[in-house]
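One-letter residues, chain by chain:
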Amino acid sequence: MTEPIPRDAEVERLGERLAVEIRRVFRRSLAIRQVDAGSCNACELEIAGLTGPHYDLERFGLHFVASPRHADCLLVTGPVTRNMAEPLRLTWEATPHPKLVIAVGDCARDGGIFRGSYAVVGGVADVVPVDAVIPGCPPTPVAILAGILDVIGQRR
Amino acid sequence: MITDLVLALTQALVVAAGAPLLVGALRTLKARLVGRRGPRPWQPYADLAKLLRKEAVVSTTTSWVFRVTPYVLVATMLVAAVIVPVVASRTALPFAGIILLMYLFLVGAFFLALAGLDSGSAFGGMGASREVAVAALAEPTVILAVFALALRADTTNLGGIVARFAGEPRLAASPGHLLAFAAFFIVMLAETGRLPVDNPATHLELTMIHEAMVLEYSGRYLALVEWAGAMKLFVFLTLLANLFFPWGVPSLVAPAPILLGLLALVGKLALLTVFLAVLETIVAKLRLFRVPELLAGSFALALLSVTAVFVAP
Amino acid sequence: MAASLFILAAVGGALAATVGIAGVLGTGGRLSIPWLVPLGGLELSLDPLGGLFLALVGAAAIPASIYAIGYAGGERRGVLAYLGFVSAMSVVPLAANLMTFVIAWELMSLASYFLVLHDRDRTESVDAAWVYAVMSQIGLACLLAGMLVLATATGSTTFADWSSAAPDLPPGTRVLPLVLLGLGFVSKAGVIPLHVWLPRAHPAAPSHVSALMSGVMIKLGIYGLARVSLDWLAPTPAWWGAALLLVGAVSAVVGILYAVVERDLKRLLAFSSIENVGIILIGLGAGLVFAAVGLGGLAVLAIAAALYHAVNHAAFKSLLFLGAGAVVHATGTRNMNALGGLVRRMPWTAACFVFGAAAIAALPPLNGFVSEWLIFQALLQNVRMARLELNLAFTVGLAALALTSGLTLACFVKAAGITFLAVPRSEEAARAHEAPVSMRAAMVLLAAACVGLGVGPTLVLPALARVVGPLVGSELPALGDGLTVRISGEFAALSPLALAAALAIALLAPLGALWLVGAQRRTRWAPTWACGRILQTARMEYTATAFSNPFKRVFDFFYRPAPRLDIEFHPESRFFVERIEYASPTRSLVEEWLYRPALATLSGLAAHARRLQSGSANTYLAYILAALVLLLVIA
């Protein structure tokens, strides 16, 4: 029932900052904390689809966790609204090193269709350091999964 | 003396090394039962290894209690691993009683609850409050189930109980014995935080009991806490397997019988794991204030088991 | 000046403890001063049972007195009452005749009454002292009545004469004094339903006095029960032991149920004392049942286990009260909802209190676990009796003991966690200071005693068995060798030293394992994860009331809370709320069903009797005339 993952992942990697270390530590097990920084929930729905039988991210050693203290990777969606900027930063602070931030969706990349609004700070990179961006509005579950796997080095 | 020490070390190693595999296998089975592929059974080893490489973030509101608790948890589980008849019924140490075992679990619960309160967050306090409430309500059932076993086996020594039942299978097949098993099984669900008492995979803090106390841990501390939790499940299932179905547990401490004992244990644990996976998939989590009703039911079963001994020995 | 008197008390305590231990080990002794006390003279005699309780009084007085040096802070009021209290308590176990006993008992109650009145400007102290006085006099009345019945039946007021006459008394005449004396002693011990003075008096008294009251004074009630059942009116019938067992079970469960929902730290400890007295009674009752059916060895085991628990309770309850006193001394409040974060300001007190909490929660390898284990083992042995009704009573005792054990864990997680851990919930808690050296020294001393009693049952238990054995008239059961306690051969074994060693090794194992695999040792300090909330205050912590909420819900048939909800709406709109006040106080079953009707009946009778006091001198003269005529006719 589960779909195979395409070989090419659409993901923009921002710098090779921790590339080698990330792959070494997180290749077999990645704990993901999803943060909604003001998104319209379309990206959340796509991410939620990852936990079902069709895409099943657990078979790759990925799983969602309930607290950033348990997390390795923050999966951030939404243009960061002004109200969510500080909580997002606090979440990032609460996550232990080494950690990743993956911005999911066009809004997370640079504000998307909400760019320039008075209620929006900008992309996630304006608040916390971002390691990778998965573009799309919203990106498909396959794209999200392939992107995460690419970042932690399970694809190449 | 030397054989006793070697046996103790072997048991501790078996439990310590096998616990993550048990938890992993349970997760994989549960995933397969709902149509997913699920993680690999050895995924928890990868999770623990990764956690050991992460830094530990400790809250500024906490004290030494928070940092000591993971070590206390692991310590009590290791001692429990040594006294439970895992691969042999000759329980080496002169304190291998079942009452002591139950109180060792309470030591862990005490410190974990304190650690939950230590973080100063509402989640920690809530988890601590619920956890001790469930533990308190499960105690009478535990003691009565112990009583039922000790009455039939004429000892509270764990190895002694196993040896006695292994020698007299008809004692093990009595309905009182099965009632005690049912009561103990429900207590196991409550103490290890499995469905329907507590959902170990939930992300909703208001539905958490055990997980809420652990929310603040990270890095090596989280690894120790998770490992101790896995060992607790392993020890409880071993207890259920070997106390109530003692066939295949050798009383001779020599390499070949121990290996056979290990194989028998693996078989029994596999069966119990499948049963537990199916149960967790079928039932929904109980509302928190319905859990006392479940525990009261298990108490009734234990009481019936005890009465069965008095009325029809 | 006050300090030197307290040191005197400590020295006296050490002396008493030595004499007591000598008594336990077999040294006897008698002291008789016929002219000192009317109606029989002062008679003191030292025997193992009395020696044990004397040693308990003395040993508990040492840390309490040392503590008082720092706690009382040079204040002179209450020192003499304290000295009188300790001295009277030392005489009670030694008393060998009726008058000596009663005078010592009353002195003890009187001295503690004044000590409870220490803070007499607080109405709750005055109310507590009043209830305490009334209840202790009711107890004394029962005691006196029982003793007088025994004295008339045996024709003597000396206890030795009572013991020797006991087997010859017909069973009919034995029941009345047994019940009367039992009532008197259980009221002093604080057993439900005669416990109402305990949760009022123990918190009101200064903490070193509370420690002695909870740790020692209520044990003298146990002493009395043991004396009555094993000495003066031995052998007691099986129903007496079973009744004690069931009363103990009810006491234990009810006591801890009230403790779990308490938010006053010292009241929580007081209710917990009621619970522990219940546990001791379970052991004592079980032993008396075994004695009655002829299982002497098991009787010795059970009663020795009960006495062991009495000693252990004195140790850890005193420790807890001293810790609570340090908290009150530092913050001025007993309300746990206003405490918190004290572990940073008072590290020694916090460590000692957590230690005491672990001991009382019966965590291995500390002393609470050992005595509870022994009582469990004694109860499990009930299978050796083939009487169904007794077996069922023991099963009830087992279930009750297990329930109280679990609830105690919850209660003391609350007490230790809410009081000391996390963030202070009020200004007073934030400004707390560590206790002075004398108070800390006393607490550490008691903690060491807990450890000693925990790893040393192979020494303590045989000594206690030697105390009980001769009274039950049985030889001592085999209790294991130097390192292990064994029950009934292979039934059960416990080696606390080996256990402690195993736990110590197991604690080092994860440290070693982490070092071996090269785990990351970096630790970063950061604020608690609060879901990204920007403002994190102490209001977001769990409170003591919240912590006990699950118990309130589960046992609501027992607590029968009377919820009250007051909402203040915004004056301009009922959609907005200015203030919400919610209270859900628990109601006391015993007070509502027993005391209120009893007091109402009494006031009714008194109102009727008041009609005699008409205030008219002529009526009074008529009464005198009538009385005179009546006396002349009868005499």
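The rules behind the values
- Residues numbered from 1 in each chain as written.
- Chains lettered and ligands numbered in written order.
- Predicted model: local features only at pLDDT ≥ 70, side-chain atom pairs only at ≥ 80, totals over all residues.
- Helix = DSSP H or I, 4+ residues; strand = E, 2+ residues; numbered from the N terminus.
- Buried ≥ 20, exposed ≤ 12 C-beta atoms within 10 Å, placed from the backbone.
- Contact = placed C-beta atoms within 7 Å.
- Rg over C-alpha atoms; globule rule 2.2 N^0.38 Å.
- Pairing = 2+ DSSP bridges.
- Core = buried A, V, L, I, M, F, W, Y, C linked by C-beta atoms within 7 Å.
- Domains from an automatic or database assignment.
- Expected span 1.5 Å × (residues − 1).
- pLDDT = per-residue confidence, 0-100.
- Nonpolar A, V, L, I, M, F, W, Y, C, P; charged D, E, K, R; others polar.
- Axes fitted to C-alpha atoms, helices over the stretch in contact; angles between N-to-C directions.
- Parallel < 35°, antiparallel > 145°, perpendicular 65-115°, else oblique.
- Left-handed = near helix turned anticlockwise from the far one by under 90°.

Here we look at the overall build of chain A
Here comes step 1: Broken down by element type, chain A carries five helices and eight strands.
Here comes step 2: Starting at the N terminus, the α and β elements of chain A follow one another as β-α-β-α-β-β-β-α-β-α-β-β-α.
Here comes step 3: For chain A, with 156 residues in total, the buried portion stands at 53%.
Here comes step 4: In chain A, once contacts between residues fewer than 6 apart in sequence are set aside, the share between residues at least 24 apart is 83%.

Quick word on the overall build of chain B
Here comes step 1: A tally of regular secondary structure across chain B gives twelve helices and one strand.
Here comes step 2: Sequence-ordered secondary structure for chain B, helices as α and strands as β, is α-α-β-α-α-α-α-α-α-α-α-α-α.
Here comes step 3: Here chain B has a C-alpha radius of gyration of 19 Å; the compact-globule value for 313 residues is 20 Å, and the two agree.
Here comes step 4: Referenced to the eigenvectors of the C-alpha coordinate spread, the extents of chain B come out at roughly 55 × 45 × 40 Å.
Here comes step 5: Out of the 313 residues belonging to chain B, those deemed buried represent 67%.
Here comes step 6: Intrachain contacts of chain B at a sequence separation of at least 6 include 79% that bridge at least 24 residues.

A few points about the interface of chain B and chain C
Here comes step 1: At the interface, 70 residues of chain B touch 70 residues of chain C.
Here comes step 2: Those elements that place two or more of their residues in the side of chain B that touches chain C are strand E1 (56–59), helix H3 (64–83), helix H4 (98–118), helix H5 (122–153), helix H10 (219–244) and helix H12 (291–311) of chain B.
Here comes step 3: Element by element, the count of residues in the side of chain B that touches chain C is highest for H5(B), at 19 residues.
Here comes step 4: In this structure, E1(B) lies alongside strand E5 (residues 523–526) of chain C, joined through four bridges in parallel fashion. Directly across from Val57(B), in E5(C), lies its bridge partner Arg524(C).

Side note on the nonpolar core
Here comes step 1: Judged by nonpolar contacts, the single largest core of 367 residues is most densely connected at Ala81(B), Phe110(B) and Leu240(B).
Here comes step 2: At 24 residues, the largest contribution of residues to this core is made by helix H12 (residues 296–331) of chain C.
Here comes step 3: Shared between two domains, this core holds at least three residues of each, these being domain 1 (1–162 + 173–234) and domain 2 (236–507) of chain C.
Here comes step 4: Once you skip the residues sitting within four places of it in the chain, Phe110(B) turns out to touch Ala358(C), Ala361(C), Leu363(C), Leu409(C) and Val413(C).
Here comes step 5: Within the second largest apolar cluster, 47 residues are counted, among which are Tyr55(A), Ala71(A), Leu75(A) and Cys107(A).

A closer look at helix H7 (residues 171–189) of chain C
Each full turn of the α-helix corresponds to 3.6 residues, which orients residues three or four apart in the same direction.
Residue and element names in this part refer to chain C.
Here comes step 1: The first and last C-alpha atoms of H7 sit 26 Å apart over 19 residues, in line with the 27 Å expected at 1.5 Å per residue.
Here comes step 2: Taken as a whole, H7 has its buried residues at Arg 174, Pro 177, Leu 178, Leu 180, Leu 181, Gly 182, Gly 184, Phe 185, Val 186, Ser 187, Lys 188 and Ala 189.
Here comes step 3: In this structure, the buried residues of H7 make contact with helix H5 (123–154), helix H9 (207–232), helix H10 (238–260) and helix H11 (265–293).
Here comes step 4: Gly 190 occupies a position one or two residues after H7 and carries a positive phi of about 85°.

Considering the pairing of strand E1 (residues 29–33) of chain C
Residue and element names in this part refer to chain C.
Here comes step 1: Across the five residues that make up E1, only a small minority, zero, are buried.
Here comes step 2: Two elements, E1 and strand E2 (residues 42–46), share five bridges in a ladder whose sense is antiparallel. The partner of Leu 31 across the bridge, within E2, is Leu 44.

A word on the confidence of the model for chain B
Here comes step 1: For chain B, per-residue confidence averages 89 on the pLDDT scale, and residues scoring 70 or more make up 98% of the total.
Here comes step 2: Prediction confidence for the complex, expressed as pTM and ipTM, is 0.93 and 0.93 respectively.

Considerations on the interface of chain A and chain B
As a measure of interface size, the accessible area lost when the parts come together is often cited.
Here comes step 1: In this complex, chain A contributes 20 residues to the contact, which on the side of chain B involves 25 residues.
Here comes step 2: For the side of chain A that touches chain B, the class distribution of residues is nine nonpolar, six polar and five charged.

Comments concerning the packing of H11(C) against helix H16 (residues 388–420) of chain C
Think of two packed helices as two axes; the pair is described by the angle between the axes and how far apart they sit.
All names here are of chain C.
Here comes step 1: Between H11 and H16, the least distance of the axes is 11 Å, while the angle of their chain directions is 160°. The angle between the axes of H11 and H16 places the two elements in the roughly antiparallel class. Between H11 and H16 lies a crossing whose hand is left-handed. Here Leu 265, Leu 268, Ser 272, Glu 275, Ile 279, Ile 282, Ala 286 and Val 289 of H11 lie close against H16, whose contacting residues are Leu 390, Phe 394, Gly 397, Leu 401, Thr 404, Thr 408, Cys 411, Ala 415 and Thr 419.
Here comes step 2: Looking at the contact of H11 with H16 residue by residue, the classes come out as eleven nonpolar, five polar and one charged.

Some words on the packing of helix H1 (residues 2–33) of chain B against H3(B)
Residue and element names in this part refer to chain B.
Here comes step 1: Contact pair H1 / H3: the axes reach a minimum separation of 8 Å and the direction vectors enclose 120°. Taken together, the axis directions place H1 and H3 in an arrangement best described as oblique. The way H1 lies across H3 gives a crossing that is right-handed. Note on element contacts: H3 touches H1 through Leu 78, Ala 81 and Val 82, opposite Ala 8, Gln 11, Ala 12, Val 15 and Ala 16.
Here comes step 2: Split into classes, the residues belonging to the contact of H1 with H3 amount to seven nonpolar, one polar and no charged.

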